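In case you want the letters, here they are:
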Amino acid sequence: MELRSQNLKTTPSLSLGRFHISEDYGFLLPNTLKELPDHYWPWMEIVNKLPHLIESHQLRAQVSKMPLLNCQFLRSYREQRLAHLVLSFITMGYVWQEGETQPKEVLPRNLALPFVEVSRNLGLPPILVHSDLVLTNWTTKNPERPLDIRNLDTIVSLPGGESLRGFVLVTVLVEKAAVPGMKALIQSVNAILQPSQDSLLQALQQLRLSIQDMTRTLGQMHDYVDPDIFYAVIRIFLSGWKDNPAMPVGLIYEGVSTEPLKYSGGSAAQSTVLHVFDEFLGVHHSKESADFLLRMRDYMPPSHKAFIEEVQSSPSLRDHILSSGNGQLLKAYNQCVEALAELRSYHITVVTKYLITAAAKAKSRRSSQLPEPPQALEERGTGGTAVLSFLKSVRNNTLEAILPQSS
């Protein structure tokens, strides 16, 4: 343990910029693009009408007419991220247009080849991920005004109307609420290296406030997302083809692989924020939960995954606090852990409302204007986990990180 700290004394101070993380927006992609170069108009024409094409059962026919385009005219990183967002949304619509009983098990080459190409360029899997749905899928209506939900919009959409928009944009705001916490984490790591107890104490207090702000922001889900629409309409389009009984063998990407490939659906576990907080605070999860969380890192932009690993290899905050004998630091550390556990408890409350309670309501509805909700993932998250037991395990393991107060 001592050797680890000594070796790291000489490392350069940690910064967000080294990992392409924004000082203002954190893991959100700043200055997102809304349009691809003209060469990719056939993609944009489809994605701009995507909810209508899915709801009128015309998307698959439209995709069959789409020309095969390669990615050579995607010159900038932002263009590649927008292309991944666009192709991932078209893919989810194509696979799930007819619901879980008739998924398409082959993605046609005119969609599969460019999607896999841009995915390889970005180091992302060829499926809708958190960095598409949330981090790349936001724009401000008026750049001069504050970043609140009335001043935000999504770039592309799926069925679900205002509830889908609310789901994406509240999550954008949760990511934004984490930014002061990320800066506080950087300050903390550098304060341990200096070392400066005052700077560390101030940073830990700021981290706690940021985590509490994330919890408050998550509460806006109740104002902007209808649980029945989320459960019956939106959820299937976030579902993947790994650990999903509706697509047990996976998806064939035509022209890429003759064997089906398996990828997990969208999951909050693909957000880098809580991985970073866990590593920094020294929170350890049970093997099953830890294995899933580790796998979800492969669904993040590589620079974000590298940031987690950099924080993981930084000097241990827990060891520093225990060896310092500083009661104020220990109290501030415990308050951060408690705030993180409270965020996870609140997430359980939200998931219970939007998944478990909504499922029970859907079963009891005799007739409804809503489509028949998917059965295959009834008790599971779109990432494929047994969602409540996973979230409770992660929350309980967070609480176990609390350090005993010395007498």
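A. Geometry of the confidence of the model for the protein. Looking at the protein as a whole, the pLDDT averages 92, with 91% of positions reaching at least 70. pLDDT under 50 marks residues 1-10. Its contacts with residues more than four places away, or in other chains, come to 11 contacts.

B. Geometry of the packing of helix α10 (residues 197-218) against helix α17 (residues 327-364). At a minimum axis separation of 9 Å, α10 and α17 run at an interaxial angle of 15°. Here α10 lies roughly parallel to α17, going by the angle between them. For α10 against α17, the interelement crossing comes out left-handed. In the contact of α10 with α17, the residues fall into 16 nonpolar, 6 polar and 2 charged.

C. Just the nonpolar core, in detail. W43, W241, L281 and F307 are the most contacted members of the largest nonpolar core, which totals 133 residues. Here this core takes 17 residues from α17, the largest share from any one element. When neighbours within four sequence positions are excluded, W43 is seen to be in contact with L36, M66, L69, C71, A83, V86, L87, I90 and P114.

D. Focus on the pattern of salt bridges. Applying the stated criterion across every chain yields a total of 11 salt bridges. Across the salt bridge formed by R295 and D243, the nearest N and O atoms sit 3.6 Å from each other. With R295 in helix α14 (residues 287-296) and D243 in the loop between α12 (227-234) and β4 (252-253), this residue pair connects regions lying 52 residues apart in the sequence. According to the relative accessible area criterion, D243 is partly exposed, its value standing at 41%. A salt bridge links D291 to K287; the shortest N-O distance between them is 2.6 Å. A residue pair is termed a helical-turn pair when its members lie 3 or 4 positions apart in one helix, as D291 and K287 do in helix α14 at 4 residues.

Scoring rules and cut-offs
Residues numbered from 1 in each chain as written. Predicted model: local features only at pLDDT ≥ 70, side-chain atom pairs only at ≥ 80, totals over all residues. Heavy atoms only, no water. pLDDT = per-residue confidence, 0-100. Contact = heavy atoms within 4.5 Å. Axes fitted to C-alpha atoms, helices over the stretch in contact; angles between N-to-C directions. Helix = DSSP H or I, 4+ residues; strand = E, 2+ residues; numbered from the N terminus. Parallel < 35°, antiparallel > 145°, perpendicular 65-115°, else oblique. Left-handed = near helix turned anticlockwise from the far one by under 90°. Nonpolar A, V, L, I, M, F, W, Y, C, P; charged D, E, K, R; others polar. Core = buried A, V, L, I, M, F, W, Y, C linked by side-chain atoms within 4.5 Å. Buried < 20%, exposed > 50% of the residue type's maximum accessible area, 1.4 Å probe, protein only. Salt bridge = Lys/Arg side-chain N within 4 Å of Asp/Glu carboxyl O.

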